[in-house]
Amino acid sequence: MGHPVLYRARYILNPTRERRVTCIYDGALTVDSAGRIQALGEATQLQQRFPHAIVRDFGPRSLLLPGFVDVHTHLPQYQAIAIDSGELLPWLHTLIFPLEARFADPEFAEQQAELFFQAALRCGTTTLMVFGPPFAEATSQAFAAAARIGLRVLMGQTLMDTNVPPELRIRTEDAPQALEKLLAQWHGYDYGRLLYAVSPRFAGSCSLELLRLCADIAHRYELPVQTHLAESLPEIRWIAGQFPHFPTYTAIYDAAGLLTSRTILAHCLYLSPSEQAQLRSAGCAIAHCPRSNVFLRSGIMPLRCYLDLGLRIGLGSDIGAGYSPFILEEARYAREMAKLRSFIAPEETPTEISPEEALWLATLGGAQALGLDSSIGSFESGKDADFIVMDLATLEPQHPLRTDPESLLMRLLYTATPAAIQRVFVRGRQLFPPEP
Ligand code: GUN
Ligand code: ZN
């Protein structure tokens, strides 16, 4: 074994299981040669404890924190960023489906996968759960890009067979073979850095037969599952018409066998109390995507209620309805939208979340939602060293009035931009900026 590396920074922020954030001034993180965290503490103490460690000091403007976890995004929608095509259903039909169809072209698919993952990396994301292209070959190309770049990715081919243009449909009889080929190629790659996630788009574009098949495969291979649920009111009305024999949207996924503790459901803005209880008892997680919810005019999720119910929740950039991969901005919106929720649902007060909870959602909360919190999401010995270094000098205001840890966290949450991201590491390996 080689010498450990001791990373030293002016501040280290670390989220805890209690949804708090601890702050270490002049801190250090030691990482072994396998990329695992050995210890976290004050730099002078760790330097005494690890006298042979190779020291890498990020300097007086540095802030170190766990890499951001994006629990819901769409690779083939990168070019849809910042294009307004109305609410969810028209947006899907006029902008998204034609764009996703372009992934039949391997050259376009290759180029877009690279752009998408590099953009996420520049924004400090180290783990992402991704809806891939609607074609097996393009999904494999996307996995190859993630493998090369070094990110931690859970991804699957976006599966659809109903209400979408014919070129986007998969035949149910072809789906098992296509999935098993991708699984064999990529699931578990690089000691589990890449995982295959079964990805039926939503009940609006999948037959019950396809949803069932997805559930069966996920069950057989113990795979993560992702889909969308209860995102907008017109969507819910439309789905009710498509599935008239089901009492609720959630009941469709339940009947298909898709509600498991490995399932991540995006949005969930409009769930009845009984649907919330159903998700809670099945152990499903929710991807909260507040920027997307505003952009598509979908609404405001009752985040505080869901957290208090004990639902697992992470943040999703939901590109291209969300307009950047920067999860810290998603955390900012999560907090601001939770405040706005009190205007539309005064009976729910308090609706707010704390700044600490916002940062927790962007890191450890996301890791818990993905079932990966034993290896990522915070700095604990034995976890993988997925972390980012930010430049405090990019935050506003310069020369701040208050310099205590809570004020630092607030400045970070409200004023950081992607320009603050200086370095990104996964398993102790620097991915950004790339090293020769
Ligand atoms: N519901 C079904 N597909 C999608 C999608 O691509 N984006 C969003 N935001 N919602 C969806
Ligand atoms: Zn989505």
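This structure is a prediction, so every number in the text was calculated from the model and none was measured. For every chain, the first residue of its written sequence is number 1, and the numbers climb from 1 along that sequence. Starting at A for chains and at 1 for ligands, labels are handed out in the order in which the entities are written. Local features in a predicted model are, by the rule used here, given only for residues with pLDDT of at least 70; side-chain atom pairs are given and counted only at 80 or more, and totals for whole chains, interfaces and linings are based on all residues. Based on all heavy atoms of the structure, the side-chain values leave hydrogens and waters out of the count.

Participant: Explain the coordination of the zinc ion (ligand 2) to me, please; I cannot follow it from the model alone.
Facilitator: Each pair of donors in an ideal octahedron of six around a metal sits at 90 or 180 degrees, and each pair in an ideal tetrahedron of four sits at 109.5 degrees. Each metal's donors are the N, O and S atoms within 2.8 Å of it, or within 3.2 Å when it is Na, K or Ca, and because water is not part of the set, sites may look incomplete. Around the zinc ion (ligand 2), the donor atoms from the protein are His72 (NE2), His74 (NE2), His228 (NE2) and Asp318 (OD), and they sit 2.0 to 2.5 Å away. Viewed at the metal, the four donor atoms of the zinc ion (ligand 2) are separated by angles of 89 to 167°, and the geometry they form is irregular. Spacing between the donor residues of the zinc ion (ligand 2) along their common chain follows H-x1-H-x153-H-x89-D. With His74 in strand E6 (residues 68-74) and His228 in strand E12 (residues 225-229), this residue pair connects regions lying 154 residues apart in the sequence. Geometry is assigned from donor-metal-donor angles: four donors are tetrahedral when every angle falls between 85 and 135 degrees, four are square planar and six octahedral when opposite donors sit over 155 degrees apart with all other angles between 65 and 115, and any other arrangement is irregular. Going along the chain from the N terminus, every DSSP run of H or I of four or more residues is numbered as a helix, and every run of E of two or more is numbered as a strand.

Participant: Please explain the environment of Thr139 as it appears in this structure.
Facilitator: Structurally, Thr139 can be placed in helix H4 (residues 136-149). A residue is classified by how much of its surface remains accessible, and Thr139, at 0% relative accessible area, is buried. Residues Thr139 and Asp254 lie 115 residues apart in sequence; the distance between their C-alpha atoms is 27 Å. Aside from chain neighbours lying at most four places away, what touches Thr139 is Pro133, Met155, Gly156, Gln157 and Leu182. Here Pro133 takes part through its backbone oxygen, which lies 3.1 Å from a polar atom of the side chain of Thr139. Relative accessibility under 20% of the residue-type maximum defines a buried residue, over 50% an exposed one, and the middle range a partly exposed one, all with a 1.4 Å probe and only protein chains included. Contacts: residue pairs with any heavy atoms within 4.5 Å of one another. Whenever a nitrogen or oxygen atom comes within 3.5 Å of another N or O atom, the pair is scored as a polar contact, on the condition that within protein one atom can donate a hydrogen and the other can accept it, and that pairs from neighbouring residues in sequence are kept only if both atoms are in side chains.

Participant: Looking at this model, I keep getting lost on the site of ligand 1. Mind explaining?
Facilitator: Being near a molecule or strand, for a residue, comes down to having at least one heavy atom within 4 Å of it. Around ligand 1, the surrounding shell consists of His74, Gln77, Leu88, Trp91, Leu92, Arg201, Phe202, His228, Glu231, His267, Leu296 and Asp318. In this structure, an oxygen atom belonging to ligand 1 sits 2.8 Å away from a side-chain N or O atom of Gln77. Here a nitrogen atom of ligand 1 sits 2.8 Å away from a polar atom, N or O, in the side chain of Asp318. Its free accessible area being 280 Å², ligand 1 has 100% of it covered by the protein chains. No other element matches helix H2 (residues 88-101), which puts three residues into the shell around ligand 1. For this classification, the nonpolar set comprises Ala, Val, Leu, Ile, Met, Phe, Trp, Tyr, Cys and Pro, the charged set comprises Asp, Glu, Lys and Arg, and every other residue, Gly included, is treated as polar. Grouping the constituent residues of the shell around ligand 1 by class yields five nonpolar, four polar and three charged. In these tables, accessible area is a Shrake-Rupley quantity obtained with a 1.4 Å probe, and a residue counts as shielded only by the protein chains included in the view.

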